[in-house]
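What follows is the residue order along each chain.
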Amino acid sequence: MSAAGEGGAVSPGLGAAPVDGNEPHAASAALDPFAAHRTQRPSRFLYALNPLAKLAAPVPVMVVVMFSRGIALPLAFIVFAAAVLLIGARLSGRAIAALLLGIPVAALVLGVTFGVWIDPSSVADHPAASVTLVSIGDWDFTLAAYLVGFATGLRILAILLLSLIAGITSTGTEFVRSMVANLRVPYRLGYTALAALRFVPRFGHELEIIRAAHRVRGTDVGRGPVAAVRRSLGYIVPLLASAIRHAERVALAMDARAFGAHRTRTERHLSPWRVRDTVFVACFLAVSVVIAVLTWGR
């Protein structure tokens, strides 16, 4: 069995340490940013679904929201997506507060942000065009412009919440594994891209080590923008050296496991498409069709 078939964790050089019962969780999470997600997965229904199901269901709805023009449709999908997240995902208290309080505030603010860019002549026929909210010289910010900007903000927020259904309940490893298994994406592309993406958290970990080393040696003294630039320049060379060493280890690990030598690879963790995935997609789309029919154009 290939370690590359385990979702991109081709070796410790990829920054993915295997997680088992005998290994401290903190040490695993330091090298593998997805370790916490695997070992502490909550018992909510979204986590039991195939990642592609959580992506296939919201994407058509995002397209519908994108081409809508009213307020009712994106608002209804915001409520629907928020309900799915609250029921199907385990959210922290801060995330729930951001969902219940931050989304309405963001919608009100985006209404003003987008509304000020609207040409007043383009909303002259709107029923609320005669209501002026703010007047500065010859420029009038009307209620019609605010409502159009508010609708635009709602569409953005609806698309954001719909994307979070898959984004916060699945990892990149699971998406790659599912695409390779179900969409027949070549594993050479999938796991290579995953290995490249895992460079990012690895670089963050290495940067913290370099900063700590500089603080211990007293080379990061000084305040102000000049000192900050000097410290940043001092991080470049050791970070680049670490990146080259990490890339060499990854290349050697993949070559040692004959990555790319065969058309298919074995998988340690299977990601099949189950009946529950079909049921979720069908129910999600059915509810979305009902919402779209009831709110389209309003």
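Residues numbered from 1 in each chain as written. Predicted model: local features only at pLDDT ≥ 70, side-chain atom pairs only at ≥ 80, totals over all residues. Heavy atoms only, no water.

A. View of the nonpolar core. The biggest cluster of nonpolar side chains holds 41 residues, and the ones touching the most others in it are Phe77, Leu162, Ile165, Phe280 and Phe284. Elements represented by at least two residues in this core include exactly α4 (58-66), α5 (72-88), α6 (93-115), α7 (143-167) and α12 (275-295). The element best represented in this core is α7, accounting for ten residues. Apart from residues no more than four positions distant in its own chain, Phe280 is found in contact with Phe45, Leu46, Leu49, Ala53, Lys54 and Ala57. Ranked by size, the runner-up nonpolar core spans nine residues in total, among them Tyr191, Leu194, Phe199 and Val250. (Core = buried A, V, L, I, M, F, W, Y, C linked by side-chain atoms within 4.5 Å. Buried < 20%, exposed > 50% of the residue type's maximum accessible area, 1.4 Å probe, protein only. Helix = DSSP H or I, 4+ residues; strand = E, 2+ residues; numbered from the N terminus. Contact = heavy atoms within 4.5 Å.)

B. Geometry of the pairing of strand β2 (residues 139-142). One ladder, built from four bridges, connects strand β1 (residues 132-136) with β2; its direction is antiparallel. Residue Thr132 lies in a different strand from β2, and its bridge partner there is Thr142. The turn joining β1 and β2, which pair antiparallel and follow one another in sequence, is formed by two residues; a positive phi near 65° is taken by Gly137. (Pairing = 2+ DSSP bridges.)

C. A look at helix α9 (residues 187-197). When α9 is considered as a whole, its buried residues turn out to be Tyr187, Gly190, Tyr191, Leu194 and Ala195. Along the axis of α9, the buried residues cluster in a sector spanning 130°; they form a single face. When the buried face of α9 is taken as reference, the exposed residues oriented beyond 90 degrees from it are Leu189 and Leu197. Close packing links the buried residues of α9 with α8 (172-182) and α10 (199-217). (Arc of directions from axis to C-beta.)

D. Fine view of the environment of Leu110. Relative to the elements of secondary structure, Leu110 occurs in helix α6. Separated by 39 residues in the primary sequence, Leu110 and Gly149 have C-alpha atoms spaced 6.8 Å apart. With residues up to four places along the chain from it excluded, the contact list for Leu110 reads Gly115, Gly149, Gly153 and Leu157.

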